[in-house]
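# Report on the structure
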Amino acid sequence: MIQSLDRGIQILLILAEKSSAGVTELAEALGVDKSTASRLVETLRGRDMVRVDPETKKYRLGFRILHLGEALKDNLNVISIARPLLLSLSGQINESVHFCAYNNSSVYVMDQVRSSKNYALSATVGMIEPLHCSSVGKCILAYRRPETIRALLEDYSFTKYTEQTVATKEALLQNLELIRSQGFALDDEEMAPGVRCIAVPVYDYRNSVRYSIGVSGPKTSLNSATIEAYVRRMKETAKRLSAEMGSTK
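Below, the structure is looked at part by part. (Residues numbered from 1 in each chain as written. Predicted model: local features only at pLDDT ≥ 70, side-chain atom pairs only at ≥ 80, totals over all residues. Heavy atoms only, no water.)

### Quick word on the packing of helix α1 (residues 2–18) against helix α2 (residues 23–30)
Just so we agree on the cut-off: Orientation is described by lines fitted to C-alpha atoms, with helices fitted over the stretch in contact, and by angles between N-to-C directions that extend from 0 to 180 degrees. To qualify as a helix, a DSSP run of H or I must reach at least 4 residues; to qualify as a strand, a run of E must reach at least 2; elements of each kind are numbered from the N terminus. Should an angle fall under 35 degrees it is taken as roughly parallel, and over 145 as roughly antiparallel, whereas 65 to 115 is taken as roughly perpendicular and any remaining angle as oblique. Two helices crossing with the near one rotated counterclockwise from the far one by less than a right angle form a left-handed crossing, whereas a clockwise rotation gives a right-handed crossing. Any two residues whose heavy atoms approach within 4.5 Å at even a single point are treated as in contact. Residues are grouped as follows: Ala, Val, Leu, Ile, Met, Phe, Trp, Tyr, Cys and Pro are nonpolar; Asp, Glu, Lys and Arg are charged; every other residue, Gly included, is polar.
Here α1 crosses α2 at 120°, and the two axes come no closer than 11 Å. The angle between the axes of α1 and α2 places the two elements in the oblique class. In this structure, α1 crosses over α2, and the sense of that crossing is right-handed. Each of R7, Q10, I11, I14, L15 and K18 in α1 lies in contact with α2, whose residues at this interface are E25, L26, A29 and L30. Residues that form the contact of α1 with α2 fall into these classes: six nonpolar, one polar and three charged.

### Let's talk about helix α5 (residues 135–142)
As a reminder, the rule being used: Relative accessibility under 20% of the residue-type maximum defines a buried residue, over 50% an exposed one, and the middle range a partly exposed one, all with a 1.4 Å probe and only protein chains included.
Most of α5 sits inside the fold, with eight of its eight residues counted as buried. By the burial criterion, the buried members of α5 are S135, V136, G137, K138, C139, I140, L141 and A142.

### A word on the pairing of strand β8 (residues 209–218)
Just so we agree on the cut-off: Paired strands, as defined in this entry, are two strands with at least two bridges between them according to DSSP.
Counting buried positions along β8 yields nine of ten residues, so the element is predominantly enclosed. Across six bridges, the pairing between strand β3 (residues 96–103) and β8 is antiparallel. Residue pairing for β8: A101 is matched across the bridge by Y211. Across nine bridges, the pairing between strand β7 (residues 195–203) and β8 is antiparallel. Its bridge partner lying in β8, V202 is registered against Y211. The hairpin formed by β7 and β8 contains five residues between the paired strands, and N207 there has a positive phi angle of roughly 60°.

### So, the environment of R51
The cut-off we apply is this: In protein, a polar contact means a hydrogen-donor-capable atom and an acceptor-capable atom, both N or O and within 3.5 Å, with residues adjacent in sequence counting only if both atoms are side-chain atoms; elsewhere, any N or O pair within 3.5 Å suffices.
Inspection of the secondary structure assignment puts R51 in strand β1 (residues 50–52). Residue class for R51 comes out partly exposed when judged on its relative accessible area of 31%. Put simply, R51 and G22 are 29 residues apart on the chain and 11 Å apart in space, counted from C-alpha to C-alpha. Setting aside residues no more than four positions away along its own chain, R51 makes contact with R45, K58, Y59, R60, L61, G62 and F63. Of the polar contacts made by the side chain of R51, one reaches the backbone oxygen of L61; its length is 3.2 Å.

Right, dumping it as structure tokens:
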């Protein structure tokens, strides 16, 4: 399965470079027989990732690639909008700030501004944040539709990172209700000992929460007094970012 996936990706890269290619050419480039190449490229065609040129009968990239490109462009545009606001927030509170997005049932770290403080960060750009115990994950999950939450948690694996990690569906659902009522999420050493993270929701033009802003820091910095002040600043930043993305929330 992994080998087939790798070969499928190679086909897309070949078509991107050469504009078009026939089965024989693809088979030679992949080092496989024509029947294998044909099965691979037909699978991609079934997903609209490639198409057949009606004149040459060779394969070209499909229109679905445009959709992926647009999705990436949208995310990059969001990052460019969010970046100055993240920098400003980090400068105001002198803590590390990260920006996360929800896609395909997962929460990804899209961007991050590190503070000058020296400690081990629990989030890095590109990583997938757990839905059940990261503040940014819980924050986005809390605002999904009830049926979506049920589906996501149906066979969910509650990986336990520390003794504080939320470990059951019932406990998580209670936590999500609290997040919605108070407007922010807290990871209290659930991902890493000695590290706390807080997150607030960011709304898109559909008034849907697809993003979240998180702040992480040592437990000594994110205490009960500073959390209240940080959340206030974070909510201000999130409101400005939501407005920039067309939200009326």
